[in-house]
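Geometric and topological summary
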Amino acid sequence: MSIRFQLLVIALTTLVLPWAGCQYARELESTLRVSQENSLQAAADTIANALSAQSQRVFGDIGDGPPFDPTQGDLYVFPLHNQPLLDGYREDWDLAMEPRTMPADGLGARLQAGFTERYLFVYVEVDDPEFDPEPSDVHPQQDRFDRVDLTLQRPDGALESYFFATSAPGLIQAQSMVKSDDGVDHAASEPRIQAFWLQTAHGYHLEARVPRSLAGSRLWMEASDGASGGKAGFMGADSLRGGRLFLATPGLNELLATFIGPGTRATVIDTNALKLGFAGSLTLNNDEEPRGAGGSWYRRFMAGDTSHWPLQVLAADHLEGKSVRGALAGHASAEWLRANPSQASLLSAAAPIMVGDQTRGAVVLEQPGDQLLELRDRALTHLFNLTLLATALAGAIAFGVATWISLRIGRLRLAADAAVTTDGKIRLDMPESDHADEIGGLARGFERLLARLNEHTQYLRTLGGKLSHELRTPLTIVRSSLDNLESEGVRADQRGYVTRAREGVLRLQSILSALGAASRVEESIKQTERVNFDLNDLLHSAVAGYRDAFRAARIELDTPSDACFMHGAPDLIVQMLDKLIENAVDFCSASGAITVRLTRAESNYELAVSNDGPPIPLEMLSRLFESLFEHRQGVDDKPHFGLGLYIVRLIAEFHGGRAVAANRSDGGGALFTVFLPLI
Amino acid sequence: MRKQIAIVEDEAALRENYSAALARHGYQVKTYANRKGAMQAFEVHLPDLAIIDISLEDEAEGGFDLCRDLRALSAELPIIFLTARDSELDAVSGLRLGADDFLTKDVSLPHLAARVAALFRRIDALRRPDNAAQIVRRGALSIDGEKMQTAWNGVPVMLSLTEFWIVHALARNPGHVKNRQQLMDAANVVLDDNTITSHVKRVRRKFQQIDAAFDAIQTVYGMGYRWVE
């Protein structure tokens, strides 16, 4: 893993800051939720206690009947804020709830009721597109026409039946059957009960208005189709079942409004969870700007999961939910909901209203959950932005620093790789060494190391010469002593020892001579004069000599046909050739073939000596021309010090050329090439 | 009268060995370990021949100084440098100071004795009247084998003993290639090829100082040298 990548990873760990911020935010959020829950619950309890003290004003004279049962015709009567027009449309009732379907017997119909201070409004929607008009002389028991029956229980308890029918849609009056003086039933209009019959493509709407003074606590409606005889509705008047009217308590809204602050909605419900009154609104201020996409993204990232919360049930006539059920069962409880349809969090706290030890209803307080968290969101979003920015900055800086460092290290590495050249020279200067930091220190360390290595190399290079020099005197002592010994006369039986000692001295002497050869060549090179001479001529002459000297080897010469002049020292060139030929002879096979080839290239001569011996191992190739480097597989009696090719290199370099070793491309042997400059 | 040879050599064992060998050949040998002792003795009495090492005890170039001083005392005294130092530079400086020969310690005792004998022979020959029969002429070259002297166009060429023998070996059979080994044998020395090359070079230069057009010694690359007329 590169340094750059490592530092980048380290920089990424600063991302833990926003994560920690999120964790903190979640804890904060749940704490805030609990405290909001507690305070709202406390408020609900307080209101419930206050209301239970005025239970008469809250619940009126609602008795303990059977539970509210719409299937039996029980009807919640909505409080209407404005006096609606009698026009067959219920849009001006301004209710969020659709009319309730009535029990059907061959006819579809829906019913809704509302009240104002003076009137009770009943709205019926019947799916009967065929209008069957009322005959002029109506006889309801026999005649078949579209009609809607209304049965009222009057405040005094008496039942009164009316019906609505018309020969033409429009504003009509209720009719009732009255026995006339002649004992015959006939229809009579009741002008106090007015209605509007509106015929539409799907059927007809009937919007009826009954004075509160006529209406008691029960009411039944039934629609019937004149053509088919189908009916829909409640004919419970016979048994006095159902048909009860549940009305909101007048004045309760105003009373409730005194209890609550802004941003909270209070609803009072009876034991059937039907709304008796409500006050307040859930929104604090409507001009609040919507949160941006980024904000909601952060919110999703930071906020706790709310998807398991139940969805708020929207009903205009009653409340539902765990807290409501809990309160009606007698114990206060709160719960978190998701608002419908905005999904915003909503807190609902309910407290039972107890009269004596009996639950008469409940107060439900609702508050948006997001309001208190809004401030926290803003701060955390800010924090989140800042830490992300810091992370990006830290990452960029870490990346830049790492790039810079790895560039410098790379430069140093390249220099270290190239410090020791293939021909054994050592470059002492390192890049970066003028920097004061650790990399600069490393570079200086390299420089010191290289300087020491260079000293050592120089020492090794001159060691041969020094050794040969220092050993020469003791060797001379031995040899001259042997000379003396022989001159003094040696007994025949001792002669063998002297001869052996002399052989040893000779060998030692040739070793020393070889060891000193390199330094002698280096020295003689310094004093060599250069002349212009014909390399071609020199090669022909020299190769003739080699053929004479090495009779076992076949030496072939391949040169250009014309003269090849160069500037240099012919003696040295011959000496170089000597070493190359000796080397080739040593390595080539028994019937060895050696080829000497001179070619003229663009800027230099290429003098190549190839043999057919074994190939040179690749790792040896570049080191062959070093001093005292010896690679020989065969065993022979001559001492070898690896100086021959070093001398070749010295001479090539003296002439401004260079020597390289390679294996022949045909794999048949080794190839030594010396590049010598043209004049 | 026995010839007197002075050996100035700081290595006692060598000193004794050389001394013994030369004494065996009938010379009277005096040995000195350092320049001071030798010079004191020389000022009183000059030897007939001096063999000097270059580095003497703590004087790395003491032999050169001694040679210079000795040459000041006598222009004819044969001086041989015998040293472990084999660098070209040392040889050139030694010969330039007026030494008659420059030998490395590789030389064997019989070879050393042969040289000493040759130098004495030359001294003796110089003292005798000219003997024309001993003179070999090759064009502009004349070699006096007895006096071991060479002249080019009548001008004497000051050659060391080794150089003289090399020229002698080449000029005796003009046109014949003498390889390095043959030249070494002729000069009674064991040298490496490189040293022969520099000897030949020096010889050429000495002739060229007299005659810039001198090119009688030809290099036959890979084989050796030959004298051409």
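Residues numbered from 1 in each chain as written. Chains lettered and ligands numbered in written order. Predicted model: local features only at pLDDT ≥ 70, side-chain atom pairs only at ≥ 80, totals over all residues.

1. Section: the overall build of chain A
Basically, it comes down to this: In this description a helix means any DSSP run of H or I spanning at least four residues, a strand means any run of E spanning at least two, and both kinds are numbered starting from the N terminus. We call two residues in contact when their backbone-placed C-beta atoms lie within 7 Å.
Scanning chain A from terminus to terminus reveals 13 helices and 25 strands. Taking as baseline every contact in chain A between residues at least 6 positions apart, the subset at least 24 positions apart corresponds to 65%.

2. Thoughts on the interface of chain A and chain B
Rule in force here: When residues are grouped by polarity, Ala, Val, Leu, Ile, Met, Phe, Trp, Tyr, Cys and Pro land in nonpolar, Asp, Glu, Lys and Arg in charged, and all others, Gly among them, in polar.
Taken together, the contact pairs 28 residues of chain A with 24 residues of chain B. Sorting the residues of the side of chain A that touches chain B by element identifies helix 8 (438-488), helix 9 (492-526), helix 10 (535-549) and helix 11 (570-587) of chain A as the ones contributing at least two each. In terms of residue count, the dominant contributor to the side of chain A that touches chain B is helix 8 of chain A (11 residues). Among the residues forming the side of chain A that touches chain B, the class breakdown is nine nonpolar, 13 polar and six charged.

3. Quick look at helix 3 (residues 62-73) of chain B
Worth spelling out the cut-off: In this scheme, a helix's expected span is set at 1.5 Å multiplied by one less than its residue total.
The first and last C-alpha atoms of helix 3 of chain B sit 17 Å apart over 12 residues, in line with the 16 Å expected at 1.5 Å per residue. The elements touched by buried residues of helix 3 of chain B are strand 1 (4-8), helix 2 (35-44), strand 3 (49-52), strand 4 (79-83) and helix 4 (88-96) of chain B.

4. So, the sheet that holds strand 10 (residues 178-179) of chain B
Here is the rule: Two strands make a pair as long as DSSP finds a minimum of two bridges between them.
The three strands lie next to each other as 10-12-11 (chain B), forming an open sheet whose pairing is antiparallel. Each having just a single partner strand, strand 10 and strand 11 (217-220) of chain B make up the two edges of the open sheet.

5. With respect to the environment of Leu 7 of chain A
All names here are of chain A. Mapped onto the secondary structure, Leu 7 falls in helix 1 (residues 3-12). Residues Leu 7 and Gly 400 lie 393 residues apart in sequence; the distance between their C-alpha atoms is 9.7 Å. Look past the residues within four positions of Leu 7 in its chain and what remains in contact with it is Ala 398, Phe 399, Val 401 and Ala 402.

6. Comments concerning the pairing of strand 7 (residues 141-144) of chain B
Residues and elements named next belong to chain B. Bridge analysis of strand 6 (residues 135-138) against strand 7 gives four bridges, and the strand direction is antiparallel. Among the inter-strand pairings, Ile 135 is bridged to a residue of strand 7, identified as Asp 144. Between strand 6 and the antiparallel strand that follows it, strand 7, lie two residues; Gly 139 among them carries a positive phi value of about 60 degrees. With four bridges joining them, strand 7 and strand 8 (residues 149-152) adopt antiparallel strand pairing. Across the sheet, the residue bridging to Ile 143 is Thr 150, located in strand 8. Counted along the chain from strand 7 to the antiparallel partner strand 8, the turn is four residues long, and its residue Met 148 has a positive phi close to 55 degrees.

7. Concerning the environment of Gly 226 of chain A
All names here are of chain A. We count it as follows: To sort residues by exposure, count the other C-beta atoms lying within 10 Å of each residue's C-beta; 20 or more gives buried, 12 or fewer gives exposed, and values between give partly exposed, all with C-beta atoms placed from the backbone.
Here Gly 226 is to be found in the loop between strand 11 (218-224) and strand 12 (231-233). Since 19 C-beta atoms lie within 10 Å of it, Gly 226 is described here as partly exposed. Between the C-alpha atom of Gly 226 and that of Asp 132, which follows or precedes it by 94 residues, the distance is 5.9 Å.

8. Focus: the nonpolar core
Side chains of nonpolar character tend, in soluble globular proteins, to be buried together. Residues and elements named next belong to chain A. Worth spelling out the cut-off: A set of buried Ala, Val, Leu, Ile, Met, Phe, Trp, Tyr and Cys residues, joined to one another through C-beta atoms within 7 Å, is what we call a nonpolar core.
One finds Ala 44, Val 124, Phe 164, Ala 362 and Val 363 to be the most contacted residues of the largest nonpolar core, which totals 77 residues. By residue number, the principal contributor to this core is strand 5 (residues 119-126), which donates seven residues. In this structure Val 363 touches Ala 44, Ile 47, Ala 48, Leu 51, Ala 266, Val 268, Ala 350, Ala 351 and Ile 353, once residues within four positions along its chain are discounted.

9. Quick look at the pairing of strand 14 (residues 265-270) of chain A
Residue and element names in this part refer to chain A. Taking burial as the measure, the six residues of strand 14 include five buried ones, the bulk of the element. Pairing of strand 14 with strand 18 (residues 358-368), which is carried by six bridges, proceeds in the antiparallel orientation. Paired with Asp 270 across the bridge in strand 18 is Gly 361. The pairing of strand 14 with strand 15 (residues 275-279) spans four bridges and is classified as antiparallel. Bridge pairing in strand 15 places Val 268 opposite Gly 277.

10. Quick notes on helix 11 of chain A
Relative to the 26 Å expected for 18 residues at 1.5 Å per residue, helix 11 of chain A spans 25 Å between its end C-alpha atoms, a close match to the ideal helical length. In terms of residue burial, helix 11 of chain A counts as a mostly covered element, since 14 of its 18 residues are buried.

11. Focus on the sheet that holds strand 9 (residues 155-157) of chain B
Residues and elements named next belong to chain B. Selection criterion: Axis lines are fitted through C-alpha atoms, for helices just across the contact stretch, and the angle between N-to-C directions can take any value from 0 to 180 degrees.
With respect to topology, four strands assemble into an open sheet ordered 6-7-8-9, the strand pairing being antiparallel. Here the strands that pair on one side only, and so sit at the sheet edges, are strand 6 and strand 9. Neighbouring strand axes in the sheet, compared pairwise and without regard to direction, differ in orientation by 25 degrees on average. Contacting strand 6, strand 7 and strand 8, helix 6 (residues 161-172) runs over the sheet at an angle of about 120 degrees to strand 7.

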